[in-house]
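Fold and contact review
These are the residues of each chain, in order.
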Amino acid sequence: MGGRKQNIVDLLITKEFLMNIGGKYAVELVKICEKKKKAITDDEIEKKLPLKITEVRTILNRLHYRGIATYQKTRNNKTGWYSYTWQISTARIAALLLEKQLEEIQRAETKMEFETNYAFFTCKTKCNNFPFEIAAEYQFKCPGCGNSLEATDNQKTLKDMRKKIVFMKNEMDELTKHC
Ligand SMILES: [Zn+2]
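Residues numbered from 1 in each chain as written. Predicted model: local features only at pLDDT ≥ 70, side-chain atom pairs only at ≥ 80, totals over all residues. Heavy atoms only, no water.

Concerning a nonpolar patch on the surface
- Taken together, the side chains of Y71, Y82 and Y84 define a hydrophobic patch exposed on the protein surface, amounting to about 310 Å² of accessible area.
- Within the fold, Y82 resides in strand 3 (residues 82–88).
- Y82 gets classed as partly exposed once you look at its relative accessible area, which sits at 48%. (Patch = residues over 30% accessible without salt bridge, like charges linked within 9 Å, V, L, I, M, F, W, Y side chains within 5 Å. Areas by Shrake-Rupley, 256 points an atom, 1.4 Å probe, with all protein chains shown as cover. Salt bridge = Lys/Arg side-chain N within 4 Å of Asp/Glu carboxyl O. Helix = DSSP H or I, 4+ residues; strand = E, 2+ residues; numbered from the N terminus. Buried < 20%, exposed > 50% of the residue type's maximum accessible area, 1.4 Å probe, protein only.)

Notes on the sheet that holds strand 4 (residues 120–122)
- The strand order 5-4-6 describes an open sheet built from 3 strands, whose pairing is antiparallel. Edge positions in the open sheet fall to strand 5 (129–131) and strand 6 (150–151), since each of these has one partner strand only.
- Examined bridge by bridge, strand 4 and strand 5 share 3 bridges and lie antiparallel to one another. In the strand pairing of strand 5, F120 is matched with P131. (Pairing = 2+ DSSP bridges.)

Some details on the pattern of salt bridges
- Inspection of the entire model under this criterion finds 7 salt bridges.
- For D10, the salt bridge is made with K31, and the minimal N-O distance between the two is 3.5 Å. Linking D10 in the segment before helix 1 (12–22) with K31 in helix 2 (residues 26–36), this pair joins segments that are 21 residues apart in sequence.
- Residue classification places D10 among the partly exposed residues on the basis of a relative accessible area of 34%.

Thoughts on helix 4 (residues 53–65)
- In this model, helix 4 (13 residues) spans 18 Å end to end at C-alpha, consistent with the 18 Å of a helix rising 1.5 Å per residue.
- Of the residues making up helix 4, those classed as buried are V56, I59, L60 and L63. Taken end-on, helix 4 shows its buried residues confined to a sector of 100°, consistent with a single buried face.
- If you follow the buried residues of helix 4, they end up packed against helix 1, helix 2, helix 3 (42–47), strand 2 (69–75) and strand 3.
- Just beyond helix 4, the residue with positive phi is G67, at close to 80°. (Expected span 1.5 Å × (residues − 1). Arc of directions from axis to C-beta. Contact = heavy atoms within 4.5 Å.)

Some points on the coordination of the zinc ion
- Within the protein, the atoms that donate to the zinc ion are C123 (SG), C127 (SG), C142 (SG) and C145 (SG), at distances of 2.2 to 2.3 Å.
- Coordination at the zinc ion is tetrahedral, judged from the 4 donor atoms that bind it and the angles of 102 to 122° they form at the metal.
- Summarised as a motif, the one-chain spacing of the donors to the zinc ion is C-x3-C-x14-C-x2-C.
- Given the relative accessible area of 42%, C127 is considered partly exposed. (Donors = N, O, S within 2.8 Å, 3.2 Å for Na, K, Ca; no water. Tetrahedral: all angles 85-135°; square planar, octahedral: opposite > 155°, others 65-115°.)

The following block contains the structure:
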């Protein structure tokens, strides 16, 4: 443990992120490239995945679009054909994730601030949850069930939000080690 850093590809946040960009084989593909430790051709990747070469290229192109995969084009002098070798930038993955994480933390903090500063009103059956102004418009009577609307106790919500923010900040600390 201690200062030993995990491979960024093994972090859950990274896996979700890569899957969102490149589909369900994106994580495996990135791992294959990482393991090779130098540039790898799409043919080599294809041999290690249950995918067609066109599918491998599609994933690579999606990763390239986000700057995660980079390629080098080399010409074979005998055949005159071009081949492409690919590399993955884990620093780029970390940078993109940090950017995304920062936005999410800010969003969560704004939401928490809102939750702290504004009272919400709920009926007994919890079919509705309104801010003060709306609850007042309904004269504190739920339009759904007719029960009275009472101020919501949001302590648990706030506690959960606080926990989530701490969790995301810890993930961020983990990510900064990879930049
Ligand atoms: Zn109700």
